[in-house]
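What follows is the residue order along each chain.
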Amino acid sequence: MIARKRERPIEPLLWMLFSAGGMASALLFPALVFLFGLAFPLGWLPPTHYEHLRALVLHPLTRLVLFGVCMLSLFHWAHRFKYTLYDGLQVQHLNELINAFCYGGAIVGTMVAGYVLATL
Amino acid sequence: MTHQPIYRDYHPRWLRPRMSTYWWLGKWPYVKFILRELSSIFVAWFVVYLLVMVYMVSRGESSYRDFLNLSANPVMLTVNVIAFFFITFHALTWFAVAPQAIVAHIGKKKVPAILIAAAHYGAWVVVSALIFWLLLR
């Protein structure tokens, strides 16, 4: 028999980030991608006035919310995409590389988001 | 994760038939599973898009106009149409399975699954309405 895999103590934290990110992106992103991705460019709705959008984006509360949503969504991606590679492509032997790419990507992305939002 | 089983010499090979890479094609529940997994790529894409938008808005009005032009680029539009479908698919399936992840009790009674799902869809409508109100005023 193959011994049971060692439990990774970080697993519950990663799952919580995945779950919180899934919730945050599910609640906020459909409306946002509809407006900024489709409705404004296709002229279905008039784009937000510049001054109004600027004030909204620069508001500390908006920036804080955006940072949280970006961080959680990136960790959501990392966790889910990792298993997409595992299950979809069956590349379990590249375990370490996939983990580094996914979680490393989420960490770097979070830092970039933090930098962008803090220095607007 | 670094645990390796120790193999003895002349040990017979394990019988471990390899699954096809396309094992998920052909049955709708499996295709749905893979589509749901793939939605995460578009969630990550939209984080990038959102940050670009915020950054360009902060750079001034002409920069905002550049962003609007960029978003109307055919390639960008195509990507965002696909992203819209995947992200909406993610939201719908996410709220649909919420009752399986959350088991709530009121007193001794278990809250029915349909109520938990309905609460999530309700929250989605409220949040979306708030976003529309904030951006379309």
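Rules of the game
Residues numbered from 1 in each chain as written. Chains lettered and ligands numbered in written order. Predicted model: local features only at pLDDT ≥ 70, side-chain atom pairs only at ≥ 80, totals over all residues. Helix = DSSP H or I, 4+ residues; strand = E, 2+ residues; numbered from the N terminus. Rg over C-alpha atoms; globule rule 2.2 N^0.38 Å. Buried ≥ 20, exposed ≤ 12 C-beta atoms within 10 Å, placed from the backbone. Contact = placed C-beta atoms within 7 Å. Expected span 1.5 Å × (residues − 1). Axes fitted to C-alpha atoms, helices over the stretch in contact; angles between N-to-C directions. Parallel < 35°, antiparallel > 145°, perpendicular 65-115°, else oblique. Left-handed = near helix turned anticlockwise from the far one by under 90°. Nonpolar A, V, L, I, M, F, W, Y, C, P; charged D, E, K, R; others polar. Core = buried A, V, L, I, M, F, W, Y, C linked by C-beta atoms within 7 Å. pLDDT = per-residue confidence, 0-100.

A word on the overall build of chain B
Stage number 1. Along its length, chain B carries four helices and two strands.
Stage number 2. Mapped in sequence order, the helices and strands of chain B form the string α-α-α-β-β-α.
Stage number 3. Expected size for 137 residues packed as a compact globule is a radius of gyration near 14 Å; at 23 Å, chain B overshoots this value by more than 25%.
Stage number 4. In chain B, which comprises 137 residues, the proportion classed as buried is 20%.
Stage number 5. Across chain B, the fraction of contacts at a sequence separation of at least 24, relative to all contacts at a separation of at least 6, is 45%.

Section: the overall build of chain A
Stage number 1. From N to C terminus, chain A includes four helices and zero strands.
Stage number 2. For chain A, whose C-alpha radius of gyration is 18 Å, the value lies well above the compact-globule estimate of 14 Å for 120 residues.
Stage number 3. Its C-alpha atoms give chain A principal-axis dimensions of about 65 × 30 × 20 Å.
Stage number 4. Counting only residues that meet the buried cut, chain A has 37% of its 120 residues in that class.
Stage number 5. Counting only contacts in chain A whose residues sit at least 6 apart along the sequence, the fraction spanning at least 24 positions is 77%.

Some points on helix H1 (residues 28–58) of chain B
Stage number 1. In a regular helix each residue adds 1.5 Å, so 31 residues correspond to 45 Å; H1(B) covers 44 Å between its end C-alpha atoms and thus fits that length.
Stage number 2. The first or second residue beyond H1(B) is B:Gly60, which carries a positive phi of 125°.

Some remarks on the packing of helix H3 (residues 60–89) of chain A against H1(B)
Stage number 1. Following both chains from N to C, one finds H3(A) and H1(B) inclined at 150°, their axes separated by 8 Å at the closest point. By the angle between their axes, H3(A) is roughly antiparallel relative to H1(B). Two packed elements cross with a definite hand, and for H3(A) against H1(B) that hand is left-handed. Residues A:Leu66, A:Cys70, A:Ser73, A:Leu74, A:His76, A:Trp77, A:Arg80, A:Phe81, A:Tyr83, A:Thr84 and A:Gly88 of H3(A) lie in contact with H1(B), whose contacting residues are B:Ile34, B:Glu37, B:Leu38, B:Ser40, B:Ile41, B:Val43, B:Ala44, B:Val47, B:Leu51 and B:Val54.
Stage number 2. In terms of residue class, the contact of H3(A) with H1(B) is built from 14 nonpolar, five polar and two charged.

Let's talk about the interface of chain B and chain A
Size of an interface: often given as the accessible area lost when the parts come together.
Stage number 1. With 47 residues of chain B at the interface, the matching set in chain A holds 49 residues.
Stage number 2. Those elements that provide at least two residues to the side of chain B that touches chain A are H1, helix H2 (61–71), helix H3 (74–101) and helix H4 (113–136) of chain B.
Stage number 3. In terms of residue class, the side of chain B that touches chain A is built from 35 nonpolar, nine polar and three charged.

Some details on the nonpolar core
Stage number 1. With 50 residues, the main nonpolar core has A:Leu32, A:Val33, A:Leu74, A:Phe75, B:Val43, B:Phe46 and B:Ile87 as its most contacted residues.
Stage number 2. Mapped by element, the contributors of at least two residues to this core are helix H1 (11–39), H3 and helix H4 (95–118) of chain A together with H1, H2 and H3 of chain B.
Stage number 3. Among residues more than four places away in sequence, those in contact with A:Leu32 are B:Leu50 and B:Ile131.

Comments concerning H3(A)
Each full turn of the α-helix corresponds to 3.6 residues, which orients residues three or four apart in the same direction.
Stage number 1. In a regular helix each residue adds 1.5 Å, so 30 residues correspond to 44 Å; H3(A) covers 42 Å between its end C-alpha atoms and thus fits that length.
Stage number 2. One or two positions beyond H3(A), positive phi appears at A:Gln90, with a value near 55°.

Concerning the confidence of the model for chain A
Stage number 1. Of the residues in chain A, 94% have a pLDDT of 70 or more, and the chain-wide mean is 92.
Stage number 2. The secondary-structure element of chain A with the lowest mean pLDDT is H3(A), recorded at 93, while helix H2 (residues 50–58) of chain A shows the highest, at 97.

Remarks on the confidence of the model for chain B
Residue and element names in this part refer to chain B.
Stage number 1. In the predicted model, chain B carries a mean pLDDT of 90, and 95% of its residues have values of at least 70.
Stage number 2. By mean pLDDT, the top-scoring element of chain B is H2 (97), and the lowest-scoring one is strand S1 (residues 105–106) (86).
Stage number 3. Across the predicted assembly, pTM comes out at 0.88 and ipTM at 0.91.

What about the environment of B:Val111?
Residues and elements named next belong to chain B.
Stage number 1. Relative to the elements of secondary structure, Val111 occurs in the loop between strand S2 (109–110) and H4.
Stage number 2. On the neighbour-count criterion, Val111 (14 C-beta atoms within 10 Å) is partly exposed.
Stage number 3. Each C-alpha atom of the pair Val111 and Leu130 lies 27 Å from the other, and the pair is 19 residues apart in sequence.

Observations concerning the packing of H1(B) against H2(B)
Residue and element names in this part refer to chain B.
Stage number 1. In contact at an axis separation of 6 Å, H1 and H2 are set at 150° when each is read in the N-to-C sense. In this view, H1 runs roughly antiparallel relative to H2, as classed from their interaxial angle. On the side of H1, the interface is formed by Met53, Met56 and Val57, while H2 contributes Ser63, Tyr64, Asp66 and Phe67.
Stage number 2. Its residues assigned to classes, the contact of H1 with H2 comprises five nonpolar, one polar and one charged.

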